[in-house]
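# Examining the three-dimensional arrangement
Spelled out, the chains give:
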Amino acid sequence: MHTVLTRGNATVAYSLSVLACLTFSCFLSTVFLDYRTDANINTVRVLVKNVPDYGASREKHDLGFVTFDLETNLTSVFNWNVKQLFLYMTAEYKTPSNTLNQVVLWDKIILRGENPVLDFKKMNTKYYFWDDGNGLRDNHNVSLYLSWNIIPNAGLLPSVQATGKHVFKFPSEYATSSI
Amino acid sequence: MLEIPTHMDFVGQGKAERWSRLIITLFGVVGLIYGAIVQQFSQTVYVLGLGFLLSSLITIPPWPFYRNNPLKWQKPVITEPKPQSGESSDEGKKKKK
C-alpha cells in the first residue's frame, strides 16, 4: 500500500471480490423460488393434412394445423434475478412408432419490463407441426404444454413447465381444402 | 523548486487500507439491500460503483493526513575516521554487504 498503483490495484481487486459476493447473494436469494404458475391453453381449430415433407424424405407425412388461445399471468415469475423469459409451447403425443413425440409449435421472448400478462386469441403456430410418419390423424391424446426458460443475471437456467395443459384430438379425416 | 510529497507513512498506509475496505464493504451491503428492495440488481452494482469511486478518491491519492506519523529516524552517528591500519579490509567487506 506504499504507492498509488498498489493502492489502486488493491481497491479494484477488492471491489471485484465484493461484486462477486453480491452476485452470489443475488443468486442465493432466488435459487429456491418456485417459478411454476398456471396457464390456460385452448385449441380453436384443429385439422390434419397428409402432404409430402420435402424438408425430410418427400414421403407423405402428417402435418397438423392448430390455432390456439393462450392466457397466462407471468408477473410472479419476474424478480431481480430474471432478465428475460423464453416461452415455448410444445405438443406431446404418442404414436405406434414412438412412445413420446415432442414438437415445439410456438415461442416468444418476454424481456423484464414488458407486459407479462398474456392473452392471445386464435394464434397461429410459428413452426410446422410435422409428425415423422402418420401418427397425427385420429390421435386422441395430444397435449399442449407451455414451458419457459428463465435467463437470470447469475445462477441456474431453470426450465419450468406451467401447471395448465390442454388435451385435444385430431380429426379422423385428412383435410383436403387448402387452409 | 516545488516539492510535492507523495508518500504515506506506515500508519497512514494501514489507515488507507482499512478505510478502503470499510467503504467498499459498506456500499456493497447497502447496495445489496437497496437492490433487493427495488428488485433491480443493476442498482446494487451502481451503488457498489459509487463506493469504489469514493474509496478511490479517499484512499488512493497520498493525502496529507496520511502523513501524520512520520518515522523518528535516529540521528546519523558521526564516526571519527579511524587511522588506516589493519582494519581497512574489514570496512571494505561491510560496504559490499
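Residues numbered from 1 in each chain as written. Chains lettered and ligands numbered in written order. Predicted model: local features only at pLDDT ≥ 70, side-chain atom pairs only at ≥ 80, totals over all residues.

### Overview of the overall build of chain A
- When you go through chain A residue by residue, the secondary structure sums to one helix and eight strands.
- Ordered by position from N to C terminus, the α and β elements of chain A give α-β-β-β-β-β-β-β-β.
- For 179 residues, the compact-globule estimate of 2.2 N^0.38 gives 16 Å, and the C-alpha radius of gyration of chain A, at 23 Å, exceeds that figure by more than 25%.
- Judged by the C-alpha coordinates and their principal axes, chain A covers about 85 × 35 × 30 Å.
- Across the 179 residues of chain A, 23% fall into the buried class. (Helix = DSSP H or I, 4+ residues; strand = E, 2+ residues; numbered from the N terminus. Rg over C-alpha atoms; globule rule 2.2 N^0.38 Å. Buried ≥ 20, exposed ≤ 12 C-beta atoms within 10 Å, placed from the backbone.)

### Considering the UniProt feature "transmembrane region" (unreviewed entry) in chain B
- Feature annotation in UniProt assigns "transmembrane region" (unreviewed entry) to the following positions: residues 21-39 and 45-66 of chain B.
- Helix makes up 95% of residues 21-39 of chain B and strand 0%, and the two end C-alpha atoms of the span are 26 Å apart. (UniProt positions renumbered as here; feature names shortened; annotations may be inferred.)

### Section: the UniProt feature "transmembrane region" (unreviewed entry) in chain A
- The positions UniProt marks with the feature "transmembrane region" (unreviewed entry) are residues 12-35 of chain A.
- The span residues 12-35 of chain A is 79% helical and 0% strand by assignment, and the distance between its end C-alpha atoms comes to 36 Å.

### Notes on the packing of helix α1 (residues 10-38) of chain B against helix α2 (residues 41-59) of chain B
All names here are of chain B.
- Packing of α1 against α2 leaves a shortest axis separation of 7 Å and a crossing angle of 160 degrees. Comparing the axis directions of α1 and α2 gives the class roughly antiparallel. Classified by chirality, the crossing of α2 by α1 is right-handed.
- Residues of the contact of α1 with α2, tallied by class, amount to 17 nonpolar, nine polar and no charged. (Axes fitted to C-alpha atoms, helices over the stretch in contact; angles between N-to-C directions. Parallel < 35°, antiparallel > 145°, perpendicular 65-115°, else oblique. Left-handed = near helix turned anticlockwise from the far one by under 90°. Nonpolar A, V, L, I, M, F, W, Y, C, P; charged D, E, K, R; others polar.)

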